[in-house]
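# Structural characterization, general
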Amino acid sequence: MNYRHAFHAGNFADVLKHLVLAQCLEHLGDKPKPYRVIDTHAGVGAYDLTGDEARRSPEWMHGIDRLLKADIPQDLRESLDPYLHVVRAMNSGESLTSYPGSPEIAARLARAEDRIHLCELHKDDSVTLDKRYARDARVKVQAMDGYRALPGLVPPREKRGLVMIDPPFEHRDEMAFMAQAAKSALERWPTGTFIFWRPLKDLWAQERFDVGLAEWLIADQGLEGEKLLRADMWVRELKEDGPLAGAGVVVVNPPFKLEERLLKLLPWLTELLAQDEDAGWRLDGCINDDSLMVDEF
Ligand SMILES: C[S@@+](CC[C@H](N)C(=O)[O-])C[C@H]1O[C@@H](n2cnc3c(N)ncnc32)[C@H](O)[C@@H]1O
């Protein structure tokens, strides 16, 4: 349990993950019926960008800071609005000092009737999280292994909602743990929206996760191919060692507009956040072994 998200808050990987999360939440909020968010690896909820960790590793300067300073084309604003609305609401002054984690994005986009369940295994972080939402009756914090808690949390009473699985990938078998959790939760709740975050580091393990999940969902569970979406972005040449260069999400049961929106957004966002000429992105629906890493530059 050495991972500290404060070192990475607001980086390119957070930008992609959090804008997808915000899009999914916005879609869930379009209908009056309440929904539930289950965040299995919640972190501390929000991050101080002036704090020691963020100053020592200012990854946010190449992520959310570039996005906030960019001249966003008119046709992309709608896709970015829910996410940027949350970031701006936390930063009333001129400079960027705070960044929302996934719990804060959920707390700010959810309505009074929606519910948010947060699991965080790190003892101190779960205490921080609990204090942050102590007065928010919609939020429940559980200091527990999110993988172990998940089967008991799905399907939620609302029967609508989203599960976010965003582990730290400290363990070499993390991808296998995530796959196991994915299958058992999706068997219980096949209509829930699921967001799985994974780094593009060990590409063999990542591909095995994506393709394995897709095959199981489509062949065994009868999921339609269009209910599966993968969005990845890399800002430098992908390497197994060294700092993270690429990451993305697999979304099961995505909102119907997500693919179309990401198709417009990803080329622009990749160019904005690129750190060298090897940056690229990919977006594919029905994931299979023939999926290609398309470098769009
Ligand atoms: C990548 S961070 C989460 C960031 C957060 N989802 C966000 O977007 O702001 C991963 C978090 O998972 C916690 N963690 C690690 N293993 C866990 C487990 N098995 N169950 C729950 N939390 C875990 C870590 O302490 C860390 O805070």
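Residues numbered from 1 in each chain as written. Predicted model: local features only at pLDDT ≥ 70, side-chain atom pairs only at ≥ 80, totals over all residues. Heavy atoms only, no water.

Let us now look at the overall build of the protein chain. In terms of regular secondary structure, the protein chain is built from ten helices and ten strands. In the protein chain, buried positions account for 55% of the 297 residues. If you take every contact in the protein chain between residues at least 6 apart in sequence, the share linking residues at least 24 apart comes to 75%. When the accessible surface of the protein chain is totalled, it reaches about 13,900 Å², and 49% of it is carbon and sulfur. (Helix = DSSP H or I, 4+ residues; strand = E, 2+ residues; numbered from the N terminus. Buried < 20%, exposed > 50% of the residue type's maximum accessible area, 1.4 Å probe, protein only. Contact = heavy atoms within 4.5 Å. Areas by Shrake-Rupley, 256 points an atom, 1.4 Å probe, with all protein chains shown as cover.)

Among the 20 residues in the neighbourhood of the ligand, the closest are listed as His18, Ser102, Glu120, Gly146 and Asp166. The separation between a nitrogen atom of the ligand and a polar side-chain atom of Ser102 is 2.8 Å. The side chain of Asp166 places a nitrogen or oxygen atom 2.7 Å from a nitrogen atom of the ligand. Considered on its own, the ligand offers 610 Å² of accessible surface; in the complex 95% of this is hidden by protein. (Near = heavy atom within 4 Å. Polar contact = N/O pair within 3.5 Å; in protein donor to acceptor, adjacent residues only side chain to side chain.)

Looking now at unusual backbone geometry. In this structure, the amide linkage connecting Val154 to the following residue, Pro155, adopts the cis form with an omega of -10 degrees. With a phi angle near 65 degrees, Lys159 is a residue other than glycine that sits in the positive phi range. Its location among the elements puts Lys159 in the loop between helix H7 (146–153) and strand S6 (161–165).

This next bit is on the side chain of Asn11. Note that Asn11 resides in the segment before helix H1 (12–28). According to the relative accessible area criterion, Asn11 is buried, its value standing at 6%. Not counting residues up to four positions away in its chain, the partners in contact with Asn11 are Glu59, Trp60 and Gly63.

Moving on, we come to the sheet that holds strand S7 (residues 193–199). Spatial strand order, S5-S4-S1-S6-S7-S9-S8-S10: eight strands in an open sheet with mixed pairing. Taken across any chain shown, the strands that pair with only one partner, and hence form the sheet edges, are strand S5 (139–142) and strand S10 (280–284). Taking the axes of each pair of neighbouring strands and ignoring which way they run, one obtains an average angle of 10 degrees across the sheet. Of the strand pairs in this sheet, strand S1 (residues 36–39) and strand S4 (residues 115–119) are connected by four bridges, and their pairing is parallel. Paired with Ile38 across the strands is His117, a residue of S4. On top of the sheet, helix H8 (residues 174–188) reaches S6, S7 and strand S9 (246–252); it is set at about 175 degrees to S7, its chief contact. (Pairing = 2+ DSSP bridges. Axes fitted to C-alpha atoms, helices over the stretch in contact; angles between N-to-C directions.)

Now for the confidence of the model for the protein chain. For the protein chain, mean pLDDT is 94; residues scoring 70 or higher make up 96% of the total. Within the model, the stretch residues 292–297 combines pLDDT values under 50 with 21 contacts to residues more than four positions away or in other chains. (pLDDT = per-residue confidence, 0-100.)

The terminal C-alpha atoms of helix H4 (residues 74–90) lie 23 Å apart, and with 17 residues this matches the ideal 24 Å at 1.5 Å per residue to within 8%. The largest bend along H4 reaches roughly 60 degrees and is located at Leu80, with the proline Pro82 sitting one to four residues downstream. Among the residues making up H4, those that are buried are Leu76, Ser79, Leu80, Pro82, Tyr83, Leu84, Val86, Val87 and Met90. (Expected span 1.5 Å × (residues − 1). Bend = angle between axes of the 7 residues up to and from the residue.)

As a further point, take the side chain of Gln206. Along the chain, Gln206 falls in helix H9 (residues 203–220). With relative accessibility at 1%, the residue Gln206 sits in the buried group. Reaching out from Gln206, the side chain makes a polar contact with the side chain of Asp210 at a distance of 2.8 Å. Contact partners of Gln206, with chain neighbours within four places excluded, come to Met175, Arg198, Pro199, Leu200, Arg230 and Arg282.

With that settled, the discussion passes to the environment of Leu129. Mapping Leu129 onto the fold places it in helix H6 (residues 123–132). C-alpha of Leu129 to C-alpha of Gly45: the two residues are 84 residues apart in sequence and 6.1 Å apart in space. Setting aside chain neighbours within four positions, we find Leu129 in contact with Ala42, Gly43, Val44, Gly45, Pro103, Leu118, Glu120 and Val141.

The next point concerns the layout of surface pockets. As a volume, the second largest pocket reaches approximately 310 Å³. Every residue lining the second largest pocket is counted, 18 residues in all, and those nearest its centre are Leu223, Glu226, Lys227, Asn253 and Pro254. Of all the elements in the fold, those that place two or more residues in the lining of the second largest pocket are H9 and helix H10 (258–273). Looking at the lining of the second largest pocket residue by residue, the classes come out as ten nonpolar, four polar and four charged. (1 Å grid on protein atoms, 1.4 Å probe; cavity = no way out; pocket = protein on both sides within 12 Å on 5 of 7 lines; lining within 4 Å. Points joined across faces, edges and corners; volume = space filled by probe spheres on them. Nonpolar A, V, L, I, M, F, W, Y, C, P; charged D, E, K, R; others polar.)

Membership of the largest hydrophobic core comes to 94 residues, with the highest contact counts inside it found for Val20, Ile64, Leu67, Tyr83, Phe196, Leu213 and Leu262. Among the elements that take part in this core, H1 stands out by supplying eleven residues, more than any other. The contact partners of Val20, leaving out residues within four places of it in the chain, are Ile195, Val249, Val251, Leu258 and Leu262. (Core = buried A, V, L, I, M, F, W, Y, C linked by side-chain atoms within 4.5 Å.)

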